[in-house]
Amino acid sequence: MGNRRKKQKIMSAKEKELYQMVLDSSRLNLSYTDIVSVEEARVIARALKNRRAQTRSMTLYKMNIIDEAVEIIMEALHNNVNVRYLHLLHTSITSTGAKALSQMLTANTTLNFFGLSNCSINRGNFKNLTEGMKSNSSLEQVHFTENQIGVEGAGELAKVLTSNSSIQLLSIGEEQILSRGTRSLADALAQSSLDALSLQGVRITYVGAKALAESLRNNNVLSRLHLDFNHIGDLGVRVLSENLKYNKGVKKLQLSGNSISNDGAMAIGDMLKVNSCLKALFLTDNMIGDKGTRAISDGLKTNCHLTFLDLTNNQIRKVGAKALADALKWNTKLQSLNLEDNEIGNFGVRAFAQVFKYNTTLRSCDLIGNNFIGQLGVFVLVDASKYNLYLEETLQFFF
């Protein structure tokens, strides 16, 4: 007799419910507090292998899952052509799990997004996992947050970047990769096709910022650089600004929460005078005062490319506000200006109101949370809104 198809085990009512949920969900969110049994994993795998499965996105959250179950689910994704997004959160990854993930990444040809958050994967296991990423030809976005990958993990990711040309975005958050790990990634940028690099809260310091800055000299591929909450300080901003003056790639730069004061802002202002590529600049949660704001304003007067500037929660008062308002008399490119949580006062509001009557480029100016804007400030803004319809939309949000 010919080969007979292996009989499928009859599922219980609970297993049938799980099977149908996996089969019908385009966004599958699996969250368990109990151990995922091997039998449950087989049900999930069976559904994923079904051609009728609708699953495009899989999130595994707080799954206390045994190794064999991980292997079964990951094996089901080897030849799966539907799932594009896979994110594991608060799920411990053992050496067996890392190996299963690596094998899946080697075999799978359709996954676009892969992320690990709070997965407590040790550095040895992380190295095994990255082996599968090196040859994967479909991955475009890779995210790692709070996994304790350390300096060595950053080094392994650098090796991935030099061998995998499909990855366009690498995001690392709240990992202690420090300046040494940042240097490894910076060195890899010269050989990668990465479009976006996000290193948020990873303690890169000035040394790491310097390494990244040097890598930008001849790199016109990277278009988004996010370095929020790394305390790179004025020195770090200075070296970044110097190397961004003639960079033709970076269009979006995030430097929020980096202890930038007036000295750093002056370097940014000098960079804006000559940079011809940057479109969006985020400087929230820093210590930029009036002197630094004047320097940035001077840069805006001649800058013909920046369209978005965020200066939320700095130390800008009426003199800095007046400088920005004066810059808007000359600047015809900036479309969005965020000045939330500063202290521009009535004087600053009046300066902006005068400009708003004539500037037709600015689409949004956020002044929420500014101290000392009284009835006079409100009056002049209302009056300016008669001349500027875009400002009227902002005022609706303001009140």
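Residues numbered from 1 in each chain as written. Predicted model: local features only at pLDDT ≥ 70, side-chain atom pairs only at ≥ 80, totals over all residues. Heavy atoms only, no water.

Enquirer: Quick one: what's the story with the packing of aromatic side chains, residue by residue and with numbers?
Expert: Here the structure, examined in full by the defined rule, presents five aromatic pairs. For the ring pair Tyr 85 and Phe 113, a centre distance of 4.2 Å and an interplane angle of 10° mean the geometry is stacked. Here Tyr 85 is found in strand β5 (residues 85-89), whereas its partner Phe 113 is found in strand β6 (residues 113-117), with 28 residues between them in sequence. Considering the side-chain rings of Phe 114 and Phe 144, the 6.3 Å spacing of their centres and the 75° angle between planes classify their relative orientation as edge-to-face. Placement of Phe 114 in strand β6 and of Phe 144 in strand β7 (residues 141-145) is noted, with a sequence separation of 30 residues between them. An aromatic cluster is present here, built from Phe 114, Phe 126 and Phe 144 joined pairwise through their rings. The cationic tip of Arg 46 hangs over the ring face of Tyr 19; the distance from NZ or CZ to the ring centre is 5.5 Å. (Phe/Tyr/Trp six-rings, centres within 6.5 Å; stacked < 30°, edge-to-face > 60°. Helix = DSSP H or I, 4+ residues; strand = E, 2+ residues; numbered from the N terminus. Lys NZ or Arg CZ within 6 Å of the ring centre and 35° of its normal.)

Enquirer: Go over empty space enclosed by the protein with me, naming the residues and quoting the values.
Expert: Taking a probe equal in size to a water molecule and rolling it over the atoms shows the remaining empty space. In the structure shown here, the tally under the stated rule is four cavities of 30 Å³ or more. Estimates place the volume of the largest cavity at around 110 Å³. Forming the walls of the largest cavity are 14 residues, and the residues nearest its centre are Ile 65, Val 70, Leu 88, Thr 91 and Ile 93. Residue assignment for the lining of the largest cavity shows that the elements contributing at least two residues are α3 (67-76) and α4 (95-107). Examining the composition of the lining of the largest cavity, we find that four residues originate from one element, α3, more than from any other. Along the lines of polarity and charge, the residues of the lining of the largest cavity split into nine nonpolar, four polar and one charged. (1 Å grid on protein atoms, 1.4 Å probe; cavity = no way out; pocket = protein on both sides within 12 Å on 5 of 7 lines; lining within 4 Å. Points joined across faces, edges and corners; volume = space filled by probe spheres on them. Nonpolar A, V, L, I, M, F, W, Y, C, P; charged D, E, K, R; others polar.)

Enquirer: So what's going on with helix α5 (residues 123-134)? Residues and values would help.
Expert: Taking 1.5 Å of rise per residue, the 12 residues of α5 would be expected to cover 16 Å, and the 17 Å separating its terminal C-alpha atoms lies within 8% of that figure. Those residues of α5 lying buried are Asn 125, Phe 126, Leu 129, Thr 130, Gly 132 and Met 133. Buried residues in α5, looked at end-on, bunch into an arc of 145°, giving them a common side. Buried residues in α5 make contact with α4, β6, β7 and α6 (150-163). The N-capping residue of α5, defined by a side-chain oxygen 3.1 Å from the backbone nitrogen of Gly 124, is Asn 122. (Expected span 1.5 Å × (residues − 1). Buried < 20%, exposed > 50% of the residue type's maximum accessible area, 1.4 Å probe, protein only. Arc of directions from axis to C-beta. Contact = heavy atoms within 4.5 Å. Polar contact = N/O pair within 3.5 Å; in protein donor to acceptor, adjacent residues only side chain to side chain.)

Enquirer: Report on the packing of helix α11 (residues 290-302) against helix α12 (residues 318-330), specifying residues and quantitative values.
Expert: In contact at an axis separation of 8 Å, α11 and α12 are set at 0° when each is read in the N-to-C sense. The angle between α11 and α12 falls in the class roughly parallel. Contacts between α11 and α12 involve Asp 290, Thr 293, Arg 294, Ser 297, Leu 300 and Lys 301 from the former and Lys 318, Val 319, Gly 320, Ala 323, Leu 324, Ala 327 and Trp 330 from the latter. Grouping the amino acids of the contact of α11 with α12 by side-chain chemistry returns six nonpolar, three polar and four charged. (Axes fitted to C-alpha atoms, helices over the stretch in contact; angles between N-to-C directions. Parallel < 35°, antiparallel > 145°, perpendicular 65-115°, else oblique.)

Enquirer: Mind laying out the environment of Ile 296, listing which residues take part and the relevant values?
Expert: Here Ile 296 is to be found in helix α11. When the C-alpha positions of Ile 296 and Lys 273 are compared, they lie 9.0 Å apart, and in sequence the two are 23 residues distant.

Enquirer: Quick one: what's the story with the pairing of strand β9 (residues 196-200), residue by residue and with numbers?
Expert: Within β9, four of the five residues are buried, leaving the element largely enclosed by the surrounding structure. Both strand β8 (residues 169-173) and β9 contribute to a ladder of five bridges, which runs parallel. Note that in β9 the partner of Leu 170 across the bridge is Leu 197. Between the parallel pair β8 and β9, the chain is carried across by helix α7 (residues 178-189), and the sense of this crossover is right-handed. (Pairing = 2+ DSSP bridges. Right-handed = clockwise from strand over helix to strand, strands pointing away.)

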